[in-house]
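# Coordinate analysis (summary)
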Amino acid sequence: MAKKKKFVQNDNNLAIAYYRYSSSPQNDASIEEEQELVQLYAAEHGYSIIKEYADRAVSGQDDSRPNYKLMLSEVTKLRPAVLIMRKNDRLGRDVLQLTYAKIKIREAGCSIEYVAENAPDASTSQGKFTEAVMDAFAPMWSDSSRENIERKLRHNAKNALSNGQKILGYRRAAAKRYEIDPATAPVVQRIFHDYVDGKPMRQIADELNAQGITTALDRKFTVNGLRSVLKNDRYTGVYKYANIVIPDGRY
């Protein structure tokens, strides 16, 4: 049996960083908060971050994450001394995936450090055991987190609260409730008026786009998009989320 190669850390102060958040109720601030913590950690420990990777709204169980894959492909070329993450589960939430990624990273001479938890010394038997336990818990925490998020979303929905859905003509007010947005409500009214007046939807879309007016997701209007607006029960006061429907959703 071939003797396992001993880990030798790259002799430099270079670091790479990886950030990830997985669910729609979270937002880009999750990445920015992680980034701030990691950059502070790097400065305090004398590391110079040469590249940062971030996957937004992607599950840790998905090994096709584009920047995760890019990091694994570039670590052998960059040869940093350390990969810094907020926690172990940022790298993944699947035991086999975590094992593969860590082997790939350490074979490139790159150690792994966490901001929010202690990284075990993977060169010792006790450290390997501790890391194996951490990796084994990752899927469980993923399932638990998913259940907690779904519970929170359904609680919000039953109380007609915002779950992060962007709706043209509305904005999220205090206490996560929707209210009419004076800046975009006239756009919705204009769409309905133009349609009732017999104006073709292609013309309505073209005129809105020509004036730089965008959808709730900051995209150009399309005919299908206009159909969605015209058929949206929310403009009659109905609150909808998944299979939860509240006739008087206080829009």
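Residues numbered from 1 in each chain as written. Predicted model: local features only at pLDDT ≥ 70, side-chain atom pairs only at ≥ 80, totals over all residues. Heavy atoms only, no water.

## Describing the side chain of Glu34
Relative to the helices and strands, Glu34 resides in helix H1 (residues 28-44). Take Glu34: its relative accessible area is 5%, and that puts it in the buried class. Among the polar contacts listed, one links the side chain of Glu34 to the backbone nitrogen of Arg20, at a separation of 3.5 Å. (Helix = DSSP H or I, 4+ residues; strand = E, 2+ residues; numbered from the N terminus. Buried < 20%, exposed > 50% of the residue type's maximum accessible area, 1.4 Å probe, protein only. Polar contact = N/O pair within 3.5 Å; in protein donor to acceptor, adjacent residues only side chain to side chain.)

## Here's the deal with the environment of Leu98
When you line up the elements, Leu98 lands in helix H3 (residues 95-107). Residue Leu98 is classed as buried on the basis of its relative accessible area, which comes to 0%.

## Let's talk about the packing of aromatic side chains
Within this structure, the stated rule accounts for 3 aromatic pairs. Between Phe192 and Tyr235, the aromatic rings sit 6.0 Å apart at their centres with planes inclined by 80°, giving edge-to-face as the arrangement. Taken together, the residues span a long stretch of sequence, with Phe192 in helix H5 (residues 185-196) and Tyr235 in the loop between helix H7 (223-230) and strand S7 (239-241) at a distance of 43 residues. Its relative accessible area of 26% is what places Phe192 among the partly exposed residues. A connected cluster of aromatic rings, assembled from ring pairs, spans Tyr170, Phe192 and Tyr235. A cation over an aromatic ring shows up here: Arg65 above the ring of Tyr68, its NZ or CZ 4.1 Å from the ring centre. (Phe/Tyr/Trp six-rings, centres within 6.5 Å; stacked < 30°, edge-to-face > 60°. Lys NZ or Arg CZ within 6 Å of the ring centre and 35° of its normal.)

## Quick notes on the confidence of the model for the protein chain
Averaged over every residue, the pLDDT of the protein chain is 82; the share at 70 or more is 77%. Below pLDDT 50 for its whole length, residues 24-29 participates in 6 contacts with residues either more than four positions away or in separate chains. (pLDDT = per-residue confidence, 0-100. Contact = heavy atoms within 4.5 Å.)

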